[in-house]
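# Summary of the model geometry
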Amino acid sequence: MENRIYNFSAGPAVLPEEVLLEAQKDLFALPGVGMSILEISHRSKTYDAIHQEAKEGLKKLLDIPDDYAILFLQGGASLQFSMVPLNLMPPKNKADYIIHGSWGKKALKEAKRVGTINIAATTEADKFKRVPTQDELKLDPDTSYVHFTSNETIEGVQWHKEPEVGNIPLVCDASSDMLHKKIDVKKYGLIYAGAQKNMGPSGVVLVIIRKDLLERSQDSLHTMLNYKIHAENDSLYNTPNTFGIYIIKLVTKWLLGLGGLDEMYKINKKKAQLLYDCIDQSGGFYKGHAEKDSRSLMNVTFNLATEELEKKLIDEATKAGFSGLKGHRSVGGLRASIYNAFPLKGVEALVDFMRDFQKRNG
Ligand code: PMP
């Protein structure tokens, strides 16, 4: 079999090897079924069991209460930028957005098409190096919901504790840190996440929504944009991404096998610490983008003194078997995405490489 390299891609991203090997085996024929997951009907008993197991896996990992619906939708997290306001803004037609990075800005752009938006806080003037403090939030107590992005994938800036919003429904884009640790789902009205970083392949987006909020979805909404219809049909109003949901099932099984999200979180903290220590101990050779309190455990973003040096590092790293370290085209620099499935030994190898690169170029 081909050797695997270290994949630091921001998404679609590395998946657990156990998951890939199991999927590979099942891809010819599911045990006892004689057909693969790619070939069976989404209305079959076999598929239904997979669909329910994926939901059960998520429920166990996050202790999702019964008064929340778990949906598997399509259109990526980007469609949620529209579905959230279309479904949740009425009848007040206003919402609060907290902005501390590029994805939050994209969510804001779509929400503005639907109603009146109050920007509760933004750290754009600080180049999105940090999340806002609780004191900076100027919330409208009468708003429909408050939206925030738990981890800004491009800037590498993450909340380590949810913003406090009282009784207003809290809506979170958790695309790039879902399942990286246990969160208290009860604090949220709605959580959404594209699967392609911590949960599976692209093409499926997980939505966890408190059931009372489904009553806000108006009948006038287009069917496929309506959370209530998707919930009533258990995400099977149309053909879902059956393969993506099957991979989510395998990923939840892998996480449960590790000991759950508390164990995963310990590993994630250890991996991120190794990289941030390397940056902090470099005497300024490597400069972290995010302020320390807002550093992401998933996307470690940093710069070198010049673009030439950054390019040199990326070229040498690629030759040494480290893929995907180039920062997002909008901000440049470097970004090491170290999601759940990224192995500790890969982070150790990168740190060795970075220290050696500094010796040769510092
Ligand atoms: N939100 C965040 C935080 C993201 O990182 C991304 C994708 N990188 C998106 C939204 C958009 O996701 P999609 O490409 O699935 O629409």
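Quantities reported herein were computed from a predicted structural model and do not represent experimental measurements. (Residues numbered from 1 in each chain as written. Predicted model: local features only at pLDDT ≥ 70, side-chain atom pairs only at ≥ 80, totals over all residues. Heavy atoms only, no water.)

### Section: the site of the ligand
Near the ligand there are 13 residues, and of these Ser78, Thr153, Asp173, Gln196 and Lys197 occur at the shortest range. In this structure, Ser78 approaches the ligand through a side-chain N or O atom, which is 2.6 Å from an oxygen atom. Asp173 places a polar side-chain atom, nitrogen or oxygen, 2.6 Å from a nitrogen atom of the ligand. Protein contact buries 85% of the 400 Å² of open area that the ligand shows by itself. Top contributing element to the shell around the ligand by residue count: helix H3 (residues 76–88), with 4 residues. (Near = heavy atom within 4 Å. Polar contact = N/O pair within 3.5 Å; in protein donor to acceptor, adjacent residues only side chain to side chain. Areas by Shrake-Rupley, 256 points an atom, 1.4 Å probe, with all protein chains shown as cover. Helix = DSSP H or I, 4+ residues; strand = E, 2+ residues; numbered from the N terminus.)

### Looking at the domain arrangement of the protein
By the assigned domains, the protein splits into domain 1 (18–258) and domain 2 (260–361). Counting residues at the interface gives 28 residues for domain 1 and 25 residues for domain 2. Overall, the association of domain 1 and domain 2 removes approximately 2300 Å² of surface from exposure, summing both partners, and the carbon and sulfur fraction of that is 56%. Of all residues in domain 1, Lys129, Ile154 and His180 bury the most surface against domain 2, accounting for 25% of the area lost on that side. Inspection of the region where domain 1 meets domain 2 yields 0 salt bridges. On the surface where domain 1 and domain 2 come into contact, there are 16 residue pairs in polar contact (both at pLDDT 80 or more). Looking at the side of domain 1 that touches domain 2, the elements that each hand over two or more residues are helix H2 (45–62), strand E7 (157–158) and helix H6 (242–258). A per-element tally of the side of domain 1 that touches domain 2 places H6 first, with 4 residues. Partitioned by chemical class, the residues of the side of domain 1 that touches domain 2 number 12 nonpolar, 8 polar and 8 charged. (Domains from an automatic or database assignment. Contact = heavy atoms within 4.5 Å. Buried area = accessible area lost by both parts, 1.4 Å probe. Salt bridge = Lys/Arg side-chain N within 4 Å of Asp/Glu carboxyl O. Nonpolar A, V, L, I, M, F, W, Y, C, P; charged D, E, K, R; others polar.)

### What about the side chain of Lys271?
Following the sequence through the fold, Lys271 ends up in helix H7 (residues 261–280). Although Lys271 lies buried, it forms no salt bridge, and the closest oppositely charged side chain, Glu348, sits 11 Å away as judged by the N-O distance. In this view, Lys271 contacts Ile338, Tyr339, Asn340, Phe342, Pro343, Leu344 and Val347; residues no more than four positions away in its chain are not counted. (Buried < 20%, exposed > 50% of the residue type's maximum accessible area, 1.4 Å probe, protein only. Lys, Arg positive; Asp, Glu negative; His and termini not counted.)

### Digging into empty space enclosed by the protein
Scanning the entire structure with this criterion turns up 1 cavity of 30 Å³ or more. Counted as a void, the largest cavity has a volume near 30 Å³. In this structure, the largest cavity is lined by Val14, Leu15, Pro16, Lys197, Asn198, Trp254, Asn340 and Ala341. For the lining of the largest cavity, the class distribution of residues is 5 nonpolar, 2 polar and 1 charged. (1 Å grid on protein atoms, 1.4 Å probe; cavity = no way out; pocket = protein on both sides within 12 Å on 5 of 7 lines; lining within 4 Å. Points joined across faces, edges and corners; volume = space filled by probe spheres on them.)

### Let's talk about the pairing of strand E4 (residues 116–122)
Inspection of the sheet shows strand E3 (residues 94–99) paired to E4 by 6 bridges, in the parallel sense. Bridging from a neighbouring strand, Asp96 pairs with Asn118 of E4. Taken together, E3, helix H4 (residues 102–112) and E4 constitute a β-α-β crossover, and its handedness is right-handed. (Pairing = 2+ DSSP bridges. Right-handed = clockwise from strand over helix to strand, strands pointing away.)

### Quick notes on the sheet that holds strand E12 (residues 299–303)
Spatially, 3 strands are ordered E11-E12-E14 in an open sheet, and the strand pairing comes out antiparallel. Both edges of this open sheet fall to strand E11 (287–288) and strand E14 (334–337), since each of them pairs with a single strand only. Sheet analysis places E11 next to E12, joined by 2 bridges and oriented antiparallel. Note on E12: the bridge partner recorded for Gly288 is Phe302. Here H7 sits on the sheet and contacts E11, E12 and E14; the angle it forms with E12, its principal contact strand, is near 10 degrees. (Axes fitted to C-alpha atoms, helices over the stretch in contact; angles between N-to-C directions.)

### Quick notes on the sheet that holds strand E2 (residues 68–73)
An order of E2-E10-E9-E8-E5-E3-E4 is seen for the 7 strands of this open sheet, with the pairing classed as mixed. Bordering the open sheet on either side are E2 and E4, each of which pairs with just one other strand. Across the sheet, the axes of successive neighbouring strands diverge by a mean angle of 20 degrees, strand direction being ignored. Relative to the sheet, H3 contacts E2, E3, strand E8 (170–173), strand E9 (190–194) and strand E10 (205–210), its axis offset from that of E9 by approximately 160 degrees.

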